[in-house]
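The residues making up each chain are set out below.
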Amino acid sequence: MRYWRVAQPPPKARTVDELKSSAASCKGCDLWQNATQTVFGDGDEHARMMLVGEQPGDQEDLQGKPFVGPAGRLLERGLDEAGIDRRRVYLTNAVKHFRWTRRGKRRLHEKPNVGQVRACRPWLEAEIEVVRPGIIVLLGATAAQSVMGPSFRVSKQHGEVLESPFGTPVVATVHPSSILRATDDESREAAMSSFIADLKVAAKHA
Ligand code: URA
C-alpha cells in the first residue's frame, strides 16, 4: 500500500481562498499525479445554494475552474431555466482532481473510486463550513453518495429535500453529463425537465 502526504484543510479556515491554496498541494490520494492542478470550488462564497458535482473534467482540469466545459454549459442552462443565477451559487466537486485514462489523443473521464472520494471529503466538508449554504444540490451518484452514504440512490430520491450528515439540507438530482449522454431527443428532454424540476425544489429551500 502507498501512503500520500495529505494536505488537510486548515481547521480555522475562514475563506474559500484559504482552503483553495491549501488544497493546491493535496496528495491525499493518487489523483494529483496525472492531473494538471487541483480544481477547487468557485463562485459566490456567501451563496445560499451550493452545487456539488463529481470531479473536474478535461476542460476544468486545464482551466482550473469547475463546470467550465460541456457539462457546465448544460448546468448553466438548467439553472437559468429554474430561475437561478449562476453568479449567485457556489460550484464545487466531490473530488477535486481529474481522473482520466488516455484513449489515443483524448483524455477520457474515469469515475473516481470510493477511496478517492473519501480522501477528498474533508475539503468538501470544509467548503460547506465556510460557505454555509442554505441548501446543497448533489449532482449525480458520486456527489450524492459522498454526502449521503453508499446506499443512496439518486433515481429513487431525487427532488426531495433531505437532511444531510452536515446538518445542511440537500436535494439530489442527476449529473448534467447524464443528460448530455441521452441517446434521443425525447429522453434528453424528459431528463432535462426532471433536472429543472429538482433545481426548482432546491431554489425554493435556498
Ligand atoms: N463534471 C463535474 O462533475 N464537475 C465539473 O466540474 C465538470 C464536469
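Computed from a predicted structure; not experimentally measured.

> Help me understand the overall build of the protein chain, please; the structure alone is not making it clear to me.
Each helix and strand in the protein chain was counted, giving eight helices and eight strands. Whereas a compact globule of 206 residues would reach a radius of gyration of roughly 17 Å, the protein chain reaches 16 Å, a difference of no more than 12%. Projected onto its principal axes, the C-alpha positions of the protein chain cover 45 × 45 × 30 Å. Counting all 206 residues of the protein chain, 47% fall into the buried class. Element-wise, carbon and sulfur atoms account for 48% of the exposed surface of the protein chain, whose accessible area totals about 10,800 Å². Once the 30 positive and 25 negative side-chain charges of the protein chain are each reduced to a mean point, those two points are 5 Å apart.

> Is there a simple way to explain the site of the ligand in this structure?
Residues in close proximity to the ligand include Gly53, Glu54, Gln55, Pro56, Gly57, Glu60, Pro66, Phe67, Ala71, Asn93 and His175, which together make up its full environment. Between the ligand and Glu54, the relevant distance is 2.7 Å, taken from an oxygen atom to a main-chain nitrogen or oxygen of the residue. Taken by itself the ligand offers 230 Å² of open surface, and the protein chains cover 93% of this.

> Could you clarify how one ought to interpret the nonpolar core in this entry?
In summary, soluble globular proteins display a tendency toward joint burial of nonpolar side chains. Of all hydrophobic cores here, the largest spans 32 residues; its most connected members are Phe40, Met50, Val52, Tyr90, Ile136 and Leu138. The element best represented in this core is helix α4 (residues 114-131), accounting for eight residues. Not counting residues within four places of it along the chain, the set of residues in contact with Phe40 comprises Val16, Leu19, Lys20, Ala23, Pro66, Tyr90, Lys96, Trp123 and Glu127. In this structure, Leu51, Leu74, Ala82 and Ile84 belong to the second largest nonpolar core, which totals 21 residues.

> Would you mind going over the packing of aromatic side chains with me for this structure?
Aromatic ring pairs: the centre-centre distance and the angle between the two ring planes describe each pair. Within the structure shown, the criterion is met by two aromatic pairs. With a centroid separation of 6.1 Å and an interplanar angle of 90°, the aromatic rings of Phe40 and Trp123 are classed as edge-to-face. You can see Phe40 sitting in the loop between α1 (16-23) and β1 (42-43) and its partner Trp123 sitting in helix α4, a full 83 residues away along the chain. Aromatic pair Phe98 and Trp100: ring centres 6.4 Å apart, planes at 25°, arrangement stacked. Across the pair, exposure class does not vary: Phe98 and Trp100 are buried alike. The residue whose ring lies beneath Lys27 is Trp32, and the NZ or CZ to ring-centre distance is 4.7 Å.

Definitions and limits used
- Residues numbered from 1 in each chain as written.
- Predicted model: local features only at pLDDT ≥ 70, side-chain atom pairs only at ≥ 80, totals over all residues.
- Heavy atoms only, no water.
- Helix = DSSP H or I, 4+ residues; strand = E, 2+ residues; numbered from the N terminus.
- Rg over C-alpha atoms; globule rule 2.2 N^0.38 Å.
- Buried < 20%, exposed > 50% of the residue type's maximum accessible area, 1.4 Å probe, protein only.
- Areas by Shrake-Rupley, 256 points an atom, 1.4 Å probe, with all protein chains shown as cover.
- Lys, Arg positive; Asp, Glu negative; His and termini not counted.
- Charge placed at Lys NZ, Arg CZ, Asp CG, Glu CD.
- Near = heavy atom within 4 Å.
- Polar contact = N/O pair within 3.5 Å; in protein donor to acceptor, adjacent residues only side chain to side chain.
- Core = buried A, V, L, I, M, F, W, Y, C linked by side-chain atoms within 4.5 Å.
- Contact = heavy atoms within 4.5 Å.
- Phe/Tyr/Trp six-rings, centres within 6.5 Å; stacked < 30°, edge-to-face > 60°.
- Lys NZ or Arg CZ within 6 Å of the ring centre and 35° of its normal.

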